[in-house]
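Structural features, examined
Listed here are the chains, written in short residue letters.
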Amino acid sequence: MDIRLRAEELERRIMSPYACLSSASKGRERPEDECNVRTCFQRDRDRILHSKSFRRLKYKTQVFTIPEGDHYRTRLTHTLEVAQIARTVARALRLNEDLTEAIALGHDLGHTPFGHAGEDALNEVMEGGFKHNQQSLRVVDVLEGGGGLNLTYEVRDGILNHTGDTRPATLEGQIVKIADRVAYINHDIDDAIRGGILTMGNIPEECLAVLGREHRNRINTMVLDLVQTNWEEPSVIRMSPAIQSATDQLRDFLFAHVYIGSDAKREEAKAKHVVQRLFCHFSEHGEALPEEYLLRVRNANTERVICDYIAGMTDRFAIRYYQRTFLPLPWVE
């Protein structure tokens with residue numbers, strides 16, 4: 001019994017005509033035999049979930065650098081919240097939930113240590129710049145497992161285009177792009193209040209009046225709006241004008257009061273220094289790279305390999321490496 005074929009037939013019967021069916025995928029760059037149980041998008045999701053890059057998200061910054069408390073978001077919990085929101089919308093619209101989940105779980109695999117501070121640091125020193133979405137695609141195409149995960153075109157497209165001006169090719173990818181923003185806007189407010197950066201009284205009243213005054217209510221408003229707005233014939237996934245306007249205003253507020261110049265960011269200059277100092281160190285001492293990266297230097301630009309290594313570090317690994325390399329060690333008798 002080929003369970004996958006039955007699953008593909010079920011997709012054709014119950015999914016929206018606008019859904020991206022797994023049986024209609026544009027496929028993988030390297031052809032491989034199909035699984036007898038899982039669809040191609042389910043396999044992609046599982047490959048991402050079991051990857052080292054996914055596990056490392058646990059110790060990568062979301063907003064607060066190396067938070068002391070147990071309840072602040074990390075890049076991993078952010079990813080899980082994006083996946084939950086995106087799956088809810090995809091299921092309600094009868095789109096492909098497996099494709100949506102795979103894109104959501106993979107969208108931030110290329111994020112650096114220390115979040116966007118680390119991304120900015122590498123962008124300043126890397127010839128040609130650095131963007132985490134491009135690095136996420138590089139992780140699944142080249143780096144993970146020594147030769148990439150060989151994901152389908154649709155998942156790779158959604159990962160690459162989850163941010164930036166290019167619209168993902170599938171409606172499922174477009175859902176993830178919006179769900180990413182829904183997740184971080186709301187959980188960053190929650191963390192900023194927990195960290196004493198904001199109070200509810202700081203948040204624009206006009207945004208609260210439209211979206212809701214509690215964390216759960218705001219997410220619910222945005223999700224219901226996405227479902228209702230795109231219910232009939234979705235050619236492009238979008239919010240209604242009123243909800244989009246309030247969401248954009250709330251995002252602008254966070255940039256002005258949390259993401260730039262707030263106490264939550266007071267360690268960012270130090271974090272950037274760590275990343276850039278490590279980049280200079282490996283540029284001068286390429287032999288210090290791990291063996292698997294030394295092997296890559298033979299077939300790739302050395303700076304590119306150094307960037308790959310640093311981008312894959314967790315916050316705490318980068319700090320420990322910096323301490324061992326640049327700070328004096330205690331003398332032990």
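Since the model is a prediction, treat every value here as computed from it, not as a measurement. (Residues numbered from 1 in each chain as written. Predicted model: local features only at pLDDT ≥ 70, side-chain atom pairs only at ≥ 80, totals over all residues. Heavy atoms only, no water.)

1. A word on a positive patch on the surface
Stated formally: Nonpolar side chains (Val, Leu, Ile, Met, Phe, Trp, Tyr) within 5 Å and like charges within 9 Å form the patches, drawn only from residues with over 30% relative accessible area and no salt bridge. Residue burial considers only the protein chains on display, and all accessible areas are found by Shrake-Rupley using a 1.4 Å probe. Salt bridge, as used here: a side-chain nitrogen of Lys or Arg that lies within 4 Å of a carboxyl oxygen of Asp or Glu. The convention is simple: Lys and Arg are positive, Asp and Glu are negative, and His and the chain ends are not counted. For charged residues, the charge sits on one atom: NZ in Lys, CZ in Arg, CG in Asp, CD in Glu. Helix and strand definitions follow DSSP, with helices as H or I runs of at least four residues and strands as E runs of at least two, each counted in order from the N terminus.
A cluster of basic residues, Lys-58, Arg-316, Arg-320 and Arg-324, forms a positive patch at the surface. Inspection of the secondary structure assignment puts Arg-320 in helix H16 (residues 315–326).

2. Let's talk about the packing of aromatic side chains
Test applied: Only centres within 6.5 Å qualify two rings of Phe, Tyr or Trp (six-membered ring in Trp) as a pair; their planes then separate them into stacked at under 30 degrees, edge-to-face at over 60, and tilted for everything else. Whether a charge lies above a ring is judged from NZ of Lys or CZ of Arg, which has to be within 6 Å of the ring centre and within 35 degrees of the ring normal.
As enumerated under the stated definition, the model contains 8 aromatic pairs in all. Among the aromatic residues, ring-to-ring pairing joins Phe-282, Tyr-293, Tyr-309, Phe-317 and Tyr-321 into one connected group. When the ring centre of Tyr-293 is taken as reference, the NZ or CZ atom of Arg-296 above it lies at 4.6 Å. It is Arg-316 that lies over the ring of Tyr-59; its NZ or CZ is 3.5 Å from the centre.

3. Observations regarding empty space enclosed by the protein
Here is the rule we go by: Put plainly, a pocket is an open set of points on a 1 Å grid over the protein atoms alone with protein on both sides within 12 Å along at least five of seven lines, a cavity is a set where a 1.4 Å probe fits but cannot get out, and a lining residue has an atom within 4 Å of a point. Grid points are joined across faces, edges and corners, and a volume is the space filled by probe spheres set on the points. Here the nonpolar group is Ala, Val, Leu, Ile, Met, Phe, Trp, Tyr, Cys and Pro; Asp, Glu, Lys and Arg are the charged ones; every other residue, Gly included, is treated as polar.
Per the counting criterion, the structure on display carries 1 cavity of 30 Å³ or more. For the largest cavity, the full set of lining residues is Glu-29, Arg-30, Val-140, Asp-141, Asn-150, Leu-151 and Arg-156. Here the lining of the largest cavity is built from residues that sort into 2 nonpolar, 1 polar and 4 charged.

4. What to know about helix H15 (residues 302–311)
The following threshold applies: Any residue under 20% of the maximum accessible area for its type is buried, any over 50% is exposed, and the rest in between are partly exposed; the area is computed with a 1.4 Å probe on protein chains only. Contacts are assigned to residue pairs with any non-hydrogen atoms lying within 4.5 Å of each other. Whenever a nitrogen or oxygen atom comes within 3.5 Å of another N or O atom, the pair is scored as a polar contact, on the condition that within protein one atom can donate a hydrogen and the other can accept it, and that pairs from neighbouring residues in sequence are kept only if both atoms are in side chains.
For H15, a buried count of 7 out of 10 residues is recorded, marking the element as mostly surrounded by other parts of the structure. Every buried residue of H15 is accounted for by Val-305, Ile-306, Cys-307, Asp-308, Tyr-309, Ile-310 and Ala-311. In this structure, the buried residues of H15 make contact with helix H6 (115–125), helix H7 (132–143), helix H13 (268–284), helix H14 (291–297) and H16. For H15, the N-terminal capping position is held by Asn-301, with its side-chain oxygen 2.8 Å away from the main-chain nitrogen of Glu-303.

5. Describing the environment of Ala-19
Tracing the backbone through its elements, the reader meets Ala-19 in the loop between helix H1 (3–14) and helix H2 (40–49). The exposure class assigned to Ala-19 is buried, which follows from its relative accessible area of 12%. In this structure the C-alpha to C-alpha distance between Ala-19 and Leu-95, which are 76 residues apart in sequence, comes to 4.5 Å. Once residues lying within four places of it in the same chain are set aside, the contact partners of Ala-19 are Arg-94, Leu-95, Asn-96 and Glu-172.

6. Quick look at the packing of helix H4 (residues 75–92) against helix H11 (residues 215–229)
Just so we agree on the cut-off: Note on method: axes are straight lines fitted to C-alpha atoms, helices fitted across the in-contact stretch only, with angles between N-to-C directions ranging 0 to 180 degrees. Crossing chirality is assigned from the near helix's rotation relative to the far helix, an anticlockwise turn below a right angle marking it left-handed and a clockwise turn marking it right-handed.
Where H4 meets H11, the closest approach of the two axes is 9 Å, and the angle between their N-to-C directions is 30°. The two elements H4 and H11 meet at a crossing, and its hand is right-handed. Listed contacts from H11 to Ile-85, Thr-88, Val-89 and Ala-92 of H4 are Ile-219, Val-223, Leu-226 and Val-227. In terms of residue class, the contact of H4 with H11 is built from 7 nonpolar, 1 polar and no charged.

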